[in-house]
Structures are given as structure tokens and as C-alpha cells.
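The chain contents come next:
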Amino acid sequence: MDNATIPIAYQSRPPSVPDWLNKGDNAWQLIAATMVGMQSMPGLVVLYGSIVKKKWAVNSAFMALYAFASTLIVWVLVGYKMAFGDRLLPFWGKAGTALSQSYLIHRAHLPATALHYKNGTIETPMTEPFYPQATLVFFEFVFAAITIILLAGSVLGRMNIKAWMVFAPLWLLLSYTIGAFSLWGGGFLYHWGVIDYSGGYVIHLASGVSGFTAAYWVGPRLKSDRERFSPNNILLMLTGAGMLWLGWSGFNGGAPYAANITAGVAILNTHVCAATSLLVWTLLDVIFFSKPSVIGAVQGMMTGLVCITPGAGLVHTWAAIVMGIFAGCVPWFTMMVLHKKSALLQKVDDTLAVFHTHAVAGLLGGVLTGLLAVSELSSFDLPVGEKGTFYGGGISQLFKQIVGALFIIGWNIFVTTVILLAIGLFIPLRMPDEQLMIGDDAAHGEEAYALWGDGDKFDATRHETMVSNTAGDEDNVQRQLNIMGARGVTIQL
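Residues numbered from 1 in each chain as written. Predicted model: local features only at pLDDT ≥ 70, side-chain atom pairs only at ≥ 80, totals over all residues. Heavy atoms only, no water.

1. Considerations on the pattern of salt bridges
Scanning all chains against the criterion turns up 6 salt bridges. A salt bridge links aspartate 349 to arginine 158; the nearest nitrogen and oxygen atoms lie 3.9 Å apart. Taken together, the residues span a long stretch of sequence, with aspartate 349 in the loop between helix H13 (343-347) and helix H14 (354-372) and arginine 158 in the loop between helix H4 (133-152) and helix H5 (161-185) at a distance of 191 residues. The buried category is assigned to aspartate 349, whose relative accessible area is 3%. Overall, the relative accessible area of 0% leaves arginine 158 in the buried class. Between aspartate 349 and arginine 221 there is a salt bridge, with the nearest N and O atoms lying 2.7 Å from each other. (Salt bridge = Lys/Arg side-chain N within 4 Å of Asp/Glu carboxyl O. Helix = DSSP H or I, 4+ residues; strand = E, 2+ residues; numbered from the N terminus. Buried < 20%, exposed > 50% of the residue type's maximum accessible area, 1.4 Å probe, protein only.)

Have a look at this one:
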């Protein structure tokens, strides 16, 4: 059978498979990107919608949903090239679209990652994965989206949804693209040798610091909500947390831009560190509070995942256990002990403690990576051949890690403040108290659960009258409830 009679997709060399395309790498990168996307949609949508009070379930889930969608559109219009395009400034790329097929079907490349000596010879070659640009654009998008969604965790339960709708795309353009270009896209920190394997600084430190800053400017929740903000569905919260945990295989496994040795090491280290941190956090809860907290276990899982991210593919697996121990201890201490003693931390209402679980854990992971990165593993993935202090990198690598962290912290405090103050001139950042007392119905005209029939609200006054008129007659109570559309609801009399 000749090529003319074989369907194009099954020919030995169809037009859609150029010589540079590695089908395995392309397949893995798309799978990894989808796994990271599922961490946000539905992972964090489910987690946020269930970890907050019932009256904020819809609003919290929608903030994540909106951020995911708006990020994608802004990303392909201008954001991607600002983060991974040609160099404009040492910390920023030139804005441009990623929409034309002439750009998207060619081999992926990060132009600013190339570095030349003064005589013109190449010092650091350009990063060029063996798949099309479209694959890389989508992969980097899901990282940008989850960063903004993580930031949202600091302002749940009171931020004006209209202010959030403006804030999310502006923060992507003015904050995220700066960190991504500086550390990943070929900026000054990338070429200087600061290590951030998969986003400990670009994603977690940035979202934690910006979230804390945003929480300061937006203002606190109602006093009653701060004092008691119990989850409306812990089992569903665990479902979202499980999606987040398993999705991290794509988060760290996709960072090498290839289905190579580093990807396997990174995935194993990711889950080992997360499990260790969860167990350590739970143990500390038992020791100091006499009982294990399910929410605490989820926080411990999160800090482990965040802490390993800057060095997942660069450290020994025994080092991942060490990092997990620190990830379970240090953020636990800052949250449970230091937070209660700090006037600033007490003043700022960080709803889901994003500062502790992401900023503290991300910074911790970056510093530990600067100590524990193995030269052999680093040579597989890093452009400058960085290695940890304990493996020949000297104190200079630790210094670079600290400087990189300070840049991310300083820029995110500054730009988040500027964006919010500018938005506040036109849109109130915080919902008014009377709307905060109501929640979702005030913000969206919708509520998470229709407990009394198919979308009908239960009238408490009718319930009280009905019960008083049928006291002692359980069958009659149920008949009355059925008439009101409350089938399947059990009332304890």
C-alpha cells in the first residue's frame, strides 16, 4: 500500500509530524498541562467552594473560575510573550500575541534564554523543546492561572467580585509576567543562576506575598466570619485537595519540558515530600492540640507540595524527606505560634492562610534547594549548571536564592499595592457589611445549596407555624414538608 492510499494521520511522515517533533515529549507535556489545569478546574474550584462557609461557596468557586478563563485570554493576547518572549528589559519580555498558526505550529523556543559571550559565541543555548509552540503556550498558561487562583485564597469572603474581575488580569500582566520572565523566560535571575525548578518563587512566593498584601488593602471579613469560618463540606474539600495533590505530578513532572529522567525524579520527590509534610503537621497537631485536624492535614500536604517545587527534580529523594519535615514544621510554627504573637499577622485577614502555606513554604523550599540541589541532577535541567551549597555551589548559591526571593517579595508588594489602590479609585475593594452578612445571594443572586426543594427557599415562619400546628404528629409534619417541596429532608422534632 503506497502513501497515497494511507490516511494522512497514519502515514510514516505526515505533514503534522516534522522532523523536530518528539511525539512522546509532546504527549507528556499536554498531559502535564492538563493535570495542572485540573488542579485549578475543578481542583481549587471545589476546594474553595467547600472550605469556606456555605454563604460564600458560590462566590469563592466563581473567583477561581473567572481567574482561570480571564487568564487564558490575556495570556494568548499579550501575556505569554511578556513572560517567555524576546527580551525587552532584564526582567520583562516584549508583549505580543500568541494567536497565529504561523507562530504556534513551529518548534517551541524561549528566545531570551540564549546567552552569548562578548565574542558572539554561545554561553547558554536557547531552550527549544521538541514540540510545537502551541503546546508550550498552553503549558505555561496553566501555571499562570493557578498562581492567581492561589492568591484569591487570601481575600475570599469579602472582596468585591467586580474589583476581583479587574484585578486578576492586571496582576497577571504586571506581576506574574515579571517573575516568570526573570526566573524562567531568560531574565536576569535566570542567567545569574537563581534556582526555581517549577515555581517555588514564581508561583508560590508571589501568590503568598501578593495575597497577603491584597488582604491588607481589601480589609478584613466580618468579625463573626473571622471568629468562625468553618468549612461547609469537609469531604468535598478533601476531594479538591486530592485533585491538587495528584495534579502536582504534572506541575513538577512537566517542568523539564520533556518526558526525561528529571521528570520521573521530580514526580517521586514531589509525593514523598508532600506525604512527609502531611504526617509531620498532623503529628504536631496531635502533640499540641490532642487531636488530628483534617484541615491541618490538608495544609501540611500543601506546604509539602510547595516546599519541594523549587527543587523537585534537583534533589535526592532522602532530601525530599528532609524538606518535607521542614515543610511540616516551619509553616506550622509560623501559623500556629508566630501568627498569634505578631501584630501585623493578626491585623491582616488572610482567609486561607496563603501567606503561611505558600509564601513561607515557597521561600523555605527555595532556600533548601540552594543547599541541597545535586550537581548531577542539576546538569540534566538547569542552564547554568547550578548546584547547592552542600554539593560544591558554595555560599554564593544560597546568596542567589535569597536575592531572588527578595526581588519577588519586593516587586509583588509594590505592584499589588499599586493595582489595588488604582482599582479602589473606581470600584470598592470590599463588599459593604450588609452584603457580607448575606454572602453569595448578595454577590451573585445565587446560592450553593437548594435544601428546601428545587430551588425554593425554605420559609422559616411557615415552618414554625406548621410544626406548632402539628406537634407530636411526625407523619403530618412530613406531609406538610412534602407539600412545601422539602422531600427527602429529615426534621428532628
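2. Concerning the environment of alanine 32
By the secondary structure assignment, alanine 32 is in helix H1 (residues 23-51). With relative accessibility at 0%, the residue alanine 32 sits in the buried group. Residues alanine 32 and valine 418, spaced 386 residues apart in sequence, show a C-alpha to C-alpha distance of 34 Å. When near neighbours in sequence (up to four residues on either side) are disregarded, alanine 32 contacts Phe139, Gly250 and Gly254. (Contact = heavy atoms within 4.5 Å.)

3. Structural notes on the nonpolar core
Formed by 105 residues in total, the largest nonpolar core has its most connected members in Tyr48, Trp75, Trp164 and Tyr176. With 14 residues, the single largest contributor to this core is H4. Apart from the residues lying within four places of it in its own chain, the contact partners of tyrosine 176 are Trp75, Glu140, Phe143, Ala144, Thr147, Trp171, Trp184, Val202 and Ile203. Core analysis: the second largest hydrophobic core is formed by 21 residues, Ile195, Leu371, Leu372 and Leu382 among them. (Core = buried A, V, L, I, M, F, W, Y, C linked by side-chain atoms within 4.5 Å.)

4. Remarks on a nonpolar patch on the surface
On the surface, Leu72, Ile73, Leu77 and Leu99 cluster together into a nonpolar patch covering about 330 Å² of accessible area. When you line up the elements, leucine 77 lands in helix H2 (residues 57-84). (Patch = residues over 30% accessible without salt bridge, like charges linked within 9 Å, V, L, I, M, F, W, Y side chains within 5 Å. Areas by Shrake-Rupley, 256 points an atom, 1.4 Å probe, with all protein chains shown as cover.)

5. Remarks on the layout of surface pockets
Within this model, the largest pocket holds a volume of roughly 1100 Å³. Lining the largest pocket are 34 residues, and of these Gln299, Met335, Thr351, Leu352 and Ala353 sit closest to its centre. Per-class residue counts for the lining of the largest pocket are 17 nonpolar, 9 polar and 8 charged. Reported here for the second largest pocket is a volume of approximately 590 Å³. Lining the second largest pocket are 31 residues, and of these Thr127, Ala255, Pro256, Tyr257 and Asp381 lie nearest its centre. Of the residues belonging to the lining of the second largest pocket, the class tally is 20 nonpolar, 5 polar and 6 charged. (1 Å grid on protein atoms, 1.4 Å probe; cavity = no way out; pocket = protein on both sides within 12 Å on 5 of 7 lines; lining within 4 Å. Points joined across faces, edges and corners; volume = space filled by probe spheres on them. Nonpolar A, V, L, I, M, F, W, Y, C, P; charged D, E, K, R; others polar.)

6. Concerning the packing of aromatic side chains
Summed over the entire model, instances satisfying the criterion amount to 21 aromatic pairs. Both rings, one in phenylalanine 143 and one in phenylalanine 251, keep their centres 4.8 Å apart while their planes meet at 55°; by these two values the pair is tilted. Of this pair, phenylalanine 143 sits in helix H4 while phenylalanine 251 sits in helix H9 (residues 234-253); the two residues are 108 residues apart in sequence, bridging distant segments of the chain. Both residues of the pair, phenylalanine 143 and phenylalanine 251, count as buried. Plain terms: the ring middles of phenylalanine 212 and phenylalanine 355 are 4.9 Å apart, the flat faces sit at 40° to each other, and that makes the pair tilted. Of this pair, phenylalanine 212 sits in helix H7 (residues 200-218) while phenylalanine 355 sits in helix H14, and the two are 143 residues apart along the sequence. (Phe/Tyr/Trp six-rings, centres within 6.5 Å; stacked < 30°, edge-to-face > 60°.)

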